[in-house]
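Next come the chains, spelled out residue by residue.
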Amino acid sequence: PAYYVSWYDALVYCNKRSRAEGLKPCYSINDSTNPEKWGKLPTSEDDPLCATWDAATCNWNANGYRLPTDAEWEYAARAGDNTVDSLTYSGTSDVNELEKYAWYYDNSDYTTHEVGKKEANVFGLYDMSGNVWEWCWNWFTSEYDENTEGGSDPTGTSVGSYRVYRGGSWGNDSDYCAVSYRYGYYPCYRFNFLGFRVVRASSN
């Protein structure tokens, strides 16, 4: 998996890949979708450039690559079953079966592993629990509020300090690998346990 990637890095990747494949980029900063015009990447939460990057907007109608929203990530991890009694982890609800689906503290040897070596969930997605945490679009809020977050398919609040990441990692125990678990950190930071996956709007 990709790791040592900041939330800002992920936005750059998404737009550069979209442009390279002839797709319409999703992200804009200072009214530009060209990352070459976005300026220097912030490297600390005190960097004055953070204000510019944090004001990034997303065109939800664009067909390019982007980070999943908090809700989209959870929907994919649960393989569409968002009921109260749905899966605890991505692929299973039985903690004794978690090692079949996830690299986590009990079986990872405290390092990342090649993607796709565990079983996929019902949607055919690998490593949504464990291996590395994954950045999402939303600003982190300590409690999910459907009204504040924007309804059944929320894109989140427009301001905050931390961006959401989900899924747990190779360094976490099973509790953190639960698909309901939410966490967040400063969008400028890079860690060896934090990566991302991209999504695109359906053409159907």
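The structure this text deals with has already been given above.
Okay, so let's go over this structure. Only a predicted model underlies this, so the values are computations on that prediction, with no experimental measurement involved.

Conventions we followed
Residues numbered from 1 in each chain as written. Predicted model: local features only at pLDDT ≥ 70, side-chain atom pairs only at ≥ 80, totals over all residues. Heavy atoms only, no water. Pairing = 2+ DSSP bridges. Helix = DSSP H or I, 4+ residues; strand = E, 2+ residues; numbered from the N terminus. Core = buried A, V, L, I, M, F, W, Y, C linked by side-chain atoms within 4.5 Å. Buried < 20%, exposed > 50% of the residue type's maximum accessible area, 1.4 Å probe, protein only. Patch = residues over 30% accessible without salt bridge, like charges linked within 9 Å, V, L, I, M, F, W, Y side chains within 5 Å. Areas by Shrake-Rupley, 256 points an atom, 1.4 Å probe, with all protein chains shown as cover. Salt bridge = Lys/Arg side-chain N within 4 Å of Asp/Glu carboxyl O. Lys, Arg positive; Asp, Glu negative; His and termini not counted. Charge placed at Lys NZ, Arg CZ, Asp CG, Glu CD. Phe/Tyr/Trp six-rings, centres within 6.5 Å; stacked < 30°, edge-to-face > 60°. Lys NZ or Arg CZ within 6 Å of the ring centre and 35° of its normal.

### Some details on the sheet that holds strand β6 (residues 194-195)
Spatially, four strands are ordered β5-β4-β3-β6 in an open sheet, and the strand pairing comes out mixed. A strand with exactly one partner marks an edge of an open sheet, and here the two such strands are β5 (182-185) and β6.

### Let's talk about the nonpolar core
Among the nonpolar cores identified, the biggest contains 26 residues, and Trp-7, Leu-11, Tyr-27, Trp-38, Leu-67 and Trp-135 are the most heavily contacted of them. Those elements giving two or more residues to this core turn out to be α1 (7-20), α2 (50-54) and β3 (133-139). The greatest single-element share of this core, amounting to six residues, is contributed by α1. Trp-73, Ala-76, Ala-77 and Val-179 belong to the second-largest nonpolar core, a separate cluster that totals seven residues.

### Considering a negative patch on the surface
Together, Glu-99, Asp-106, Asp-173 and Asp-175 line one region of the surface with negative charge. Here Glu-99 is to be found in helix α4 (residues 98-101).

### Brief notes about unusual backbone geometry
Even without being a glycine, Tyr-4 presents a positive backbone phi close to 55°. Topologically, Tyr-4 is positioned in the segment before α1. Judged by relative accessible area, which is 49%, Tyr-4 ranks as partly exposed. Positive phi values are uncommon outside glycine, yet Asp-109 reaches one of about 60°.

### What to know about the pattern of salt bridges
Tallying each qualifying case throughout the model produces 10 salt bridges. Measuring nitrogen to oxygen at the nearest pair gives 2.6 Å for the salt bridge that ties Arg-190 to Asp-9. Placement of the pair is Arg-190 in the loop between β5 and β6 and Asp-9 in helix α1, with a sequence separation of 181 residues. Ionic pairing is found between Lys-117 and Glu-114, a salt bridge with its closest N-O pair at 4.0 Å. Residues Lys-117 and Glu-114 agree in their burial class; the two are exposed. Salt bridges linked by common partners bring Asp-70, Glu-74, Arg-78, Arg-166 and Arg-182 together as one network.

### A short note on the packing of aromatic side chains
In this description, an aromatic ring pair is defined by two values, namely the gap between the centres and the angle between the planes. Counting across every chain of the model gives 26 aromatic pairs. For the ring pair Trp-7 and Trp-137, a centre distance of 5.6 Å and an interplane angle of 40° mean the geometry is tilted. Note that Trp-7 is positioned in helix α1 and Trp-137 in strand β3, a separation of 130 residues in sequence. Ring centres 5.9 Å apart and planes at 35° place the aromatic pair Tyr-186 and Tyr-189 in the tilted group. Using a relative accessible area of 22% as the deciding quantity, one classes Tyr-186 as partly exposed. What makes Tyr-189 partly exposed here is its relative accessible area of 25%. When the ring centre of Tyr-65 is taken as reference, the NZ or CZ atom of Arg-17 above it lies at 4.0 Å. The side chain of Lys-118 reaches across the aromatic face of Trp-103, ending 4.1 Å from its centre.

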